[in-house]
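Examining the three-dimensional arrangement
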Amino acid sequence: MNKETLKNWRGTVAVMGVDWGDSGKGRLIDDLASRAHIVARYAGGSNTGHTVKNQYGRFALHIIPSGIFNPKAICLVGRNVAVDAEILVEEMSQLDGSGISYHNLIIDEQASLTMPWHKLRDGLREKRRDQIIGTTGHGVGPTYADRTERVGLLVKDLISKDFKQKIEKEAQFQNEYYKLNLNVRAIYVKYTKLTAKIRKFIGKTIPIIREAKNKGKNILFEGAQGYFLDIDVGTYPFVTSSNPGIVGIWRCFDLHPSEINQVIGITKAYMTRVGEGPMPTKISREVAKHIVEKGKEIGTTTGRTRTPGWLDLVLIKAAVDINKITSLAVTKLDVLTGISPIRICVGYKIDGKDVDYLAHDADFMAKIKPEYIEVAGWQEDISDVRVFERLPKNAQNYIKTIEKIVSVPVKFIAVGPERGQVIWVD
Ligand code: GDP
Ligand code: IMO
Ligand code: MG
């Protein structure tokens, strides 16, 4: 087990979801960023919604790293993030409105652009699927598809000499091929305005990471989504189109996983899923209602209600083992107050037999019967607790049970959404 403290972290630390997203990555990054020289976002695009609540207000971030509230940290958006210039400029306006500076933001020139046609294609494709995925509709899948097909526009195209020809040519192609009826001229005009705002933030992120690493600076990697939404690992086809796991950092910043000192897997004290796709530990009505209401389980990006499930330690342990996660962050423990008993999934069965290999795809996951243990809950309000030993005994036991089964320590327990509503367990 890793004995390094998390509150006083140094070196390179990565945060990745071990679930289906929305575990509180934004708030954890905000809590950790005060020590960061660099906060670097990898994977995903504007499908991401990272909520931060701090003394400056409440923010929903999609592309800009959640470390932006530390004015001394350089905030990088890496090359495997799908960058939607419209959303990015909206985020900038959100920060402008609260007087938050983003002068240290750098967006990698090689990142793919999510263009208006990607959003339209996302919607068209969903309508034609036999089973909809319930995408966020933000055009992220088609953006990655075009990158893989080697036809997508990149951030650097915005500032190239042939910007106009590139945008117009591609928009025309989309009209002909996908019959989209795009107003080519209007897109060019719009993107000229967006580029004026973004231009000075475009740069090369990899040399910055390399130099910081060589100088022993503190680098915080901010993942998006969760491991079971990974294009390869997740419950295909009910997944996103990028790599939320640790490999995403390697692909994004040319930094090998062995160069990362601490890998933090983040989960809520329960789980949620938004969009379609199987969830073995889905919770029945009354408890689900309690969690949705108390946990305000409404999507940050799309406003959809998230489906709650009991904590699934089979999945979390798989994510921990494969990504060599060194500690867990557990958020929203306060939301479980008042629920007793609490169930924890510790095994899977199919047709009465133990499952020893997780095939992860949707058909396989849909057949699973979860095996639970039950632990007693607690009634006390824990939102003001800051020391582990002050938690009710049953809450302590819940965390200890997770540690025992997953075999990594829980070093961060969040008991409310605000910056600092945290128990640092060291
Ligand atoms: P992310 O995508 O992983 O950054 O998570 P989201 O921001 O989409 O969703 C997490 C939600 O839970 C946000 O509304 C947060 O403000 C909220 N939240 C985070 N941690 C806690 C916590 O410990 N307690 C409570 N009650 N809310 C939390
Ligand atoms: P953060 O970073 C939760 C889900 C969508 C849908 C599937 C595919 O906030 O945790 P997409 O638009 O990516 O093609 O949708 O993935 N999804 C998320 N769910 N949190 C997210 O991000 C998600 N990003 C995508 O709901 O089921
Ligand atoms: Mg989210």
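Residues numbered from 1 in each chain as written. Chains lettered and ligands numbered in written order. Predicted model: local features only at pLDDT ≥ 70, side-chain atom pairs only at ≥ 80, totals over all residues. Heavy atoms only, no water.

Going by what an unreviewed UniProt entry lists, the chain is known as Adenylosuccinate synthetase. Looking at the Sequence similarities (unreviewed entry) heading of the UniProt record, one finds this comment for the chain: "Belongs to the adenylosuccinate synthetase family." (UniProt positions renumbered as here; feature names shortened; annotations may be inferred.)

Moving on, we come to the site of ligand 1. The local shell around ligand 1 holds 19 residues, among which Gly 24, Lys 25, Gly 49, Thr 51 and Asp 334 are the closest. Between Gly 49 and ligand 1, the recorded distance is 2.8 Å, taken from a backbone N or O atom to an oxygen atom. For ligand 1, the accessible surface in isolation is 580 Å², of which the surrounding protein chains cover 94%. If you tally residues by element for the shell around ligand 1, the top one is helix H1 (residues 25–32), at three residues. Of the residues that constitute the shell around ligand 1, the class distribution is four nonpolar, nine polar and six charged. For the shell around ligand 1, the domains that each give at least three residues are domain 1 (10–111 + 201–263) and domain 3 (267–424). (Near = heavy atom within 4 Å. Polar contact = N/O pair within 3.5 Å; in protein donor to acceptor, adjacent residues only side chain to side chain. Areas by Shrake-Rupley, 256 points an atom, 1.4 Å probe, with all protein chains shown as cover. Helix = DSSP H or I, 4+ residues; strand = E, 2+ residues; numbered from the N terminus. Nonpolar A, V, L, I, M, F, W, Y, C, P; charged D, E, K, R; others polar. Domains from an automatic or database assignment.)

Now for unusual backbone geometry. Leave glycine aside and you will find that most residues have negative phi; peptide bonds, for their part, are mostly trans. Residues Tyr 236 and Pro 237 are joined by a peptide bond in cis, for which omega reads 5°. Inspection of the secondary structure assignment puts Pro 237 in the loop between strand E8 (219–222) and helix H8 (247–253). Ser 340 connects to Pro 341 through a cis peptide bond whose omega is -5°. Among the secondary structure elements, Pro 341 is positioned in the loop between strand E13 (327–331) and strand E14 (342–350). The backbone of Arg 150 shows a phi angle near 65°, a positive value even though the residue is not glycine. Note that Arg 150 resides in the loop between helix H4 (140–149) and helix H5 (163–178).

Turning our attention to the domain arrangement of the chain. Taken as a whole, the chain is organised into domain 1 (10–111 + 201–263), domain 2 (112–199) and domain 3 (267–424). A C-alpha centroid distance of 37 Å is found between domain 2 and domain 3. Listed by partner, the interface residues are six residues for domain 2 and five residues for domain 3. Between domain 2 and domain 3 lies a buried interface of about 370 Å² when both sides are counted; carbon and sulfur atoms form 54% of it. Remark: the boundary between domain 2 and domain 3 carries zero salt bridges. Counting across the domain 2 and domain 3 interface gives two residue pairs in polar contact (both at pLDDT 80 or more). Within the side of domain 2 that touches domain 3, the residues separate by chemical class into two nonpolar, four polar and no charged. (Contact = heavy atoms within 4.5 Å. Buried area = accessible area lost by both parts, 1.4 Å probe. Salt bridge = Lys/Arg side-chain N within 4 Å of Asp/Glu carboxyl O.)

Bringing the site of ligand 2 into the picture now. Among the 20 residues in the neighbourhood of ligand 2, the closest are listed as Asp 22, Lys 25, Thr 136, Gln 225 and Thr 240. Between ligand 2 and Gly 49, the relevant distance is 2.9 Å, taken from an oxygen atom to a main-chain nitrogen or oxygen of the residue. Between ligand 2 and Arg 304 there is a distance of 2.9 Å, counted from an oxygen atom to a side-chain nitrogen or oxygen. Contact with the protein chains removes 98% of the 550 Å² of surface that ligand 2 exposes when unbound.

Looking now at the coordination of the magnesium ion (ligand 3). In the first shell of the magnesium ion (ligand 3), the protein supplies Asp 22 (OD) and Gly 49 (O), at 2.0 to 2.2 Å from the metal. Within this pair, whereas Asp 22 is found in the loop between strand E1 (12–17) and H1, its partner Gly 49 is found in the loop between strand E2 (38–41) and strand E3 (50–54), the two being separated by 27 residues in sequence. For Asp 22, a relative accessible area of 21% puts it in the partly exposed group. Using a relative accessible area of 11% as the deciding quantity, one classes Gly 49 as buried. (Donors = N, O, S within 2.8 Å, 3.2 Å for Na, K, Ca; no water. Buried < 20%, exposed > 50% of the residue type's maximum accessible area, 1.4 Å probe, protein only.)

This next bit is on the sheet that holds E2. The strands that make up a sheet are held in pairs by hydrogen bonds between backbone atoms, and each pair lies either parallel or antiparallel. Overall, mixed pairing links the ten strands, which are arranged E7-E6-E5-E2-E8-E1-E9-E13-E17-E18 in an open sheet. Looking at the sheet topology across the chains shown, the edges are occupied by strand E7 (202–203) and strand E18 (422–424). Pairing analysis gives three bridges linking E13 to strand E17 (residues 410–414), with the strands arranged parallel. Counted as the bridge partner of Ala 329 is Phe 412 from E17. (Pairing = 2+ DSSP bridges.)

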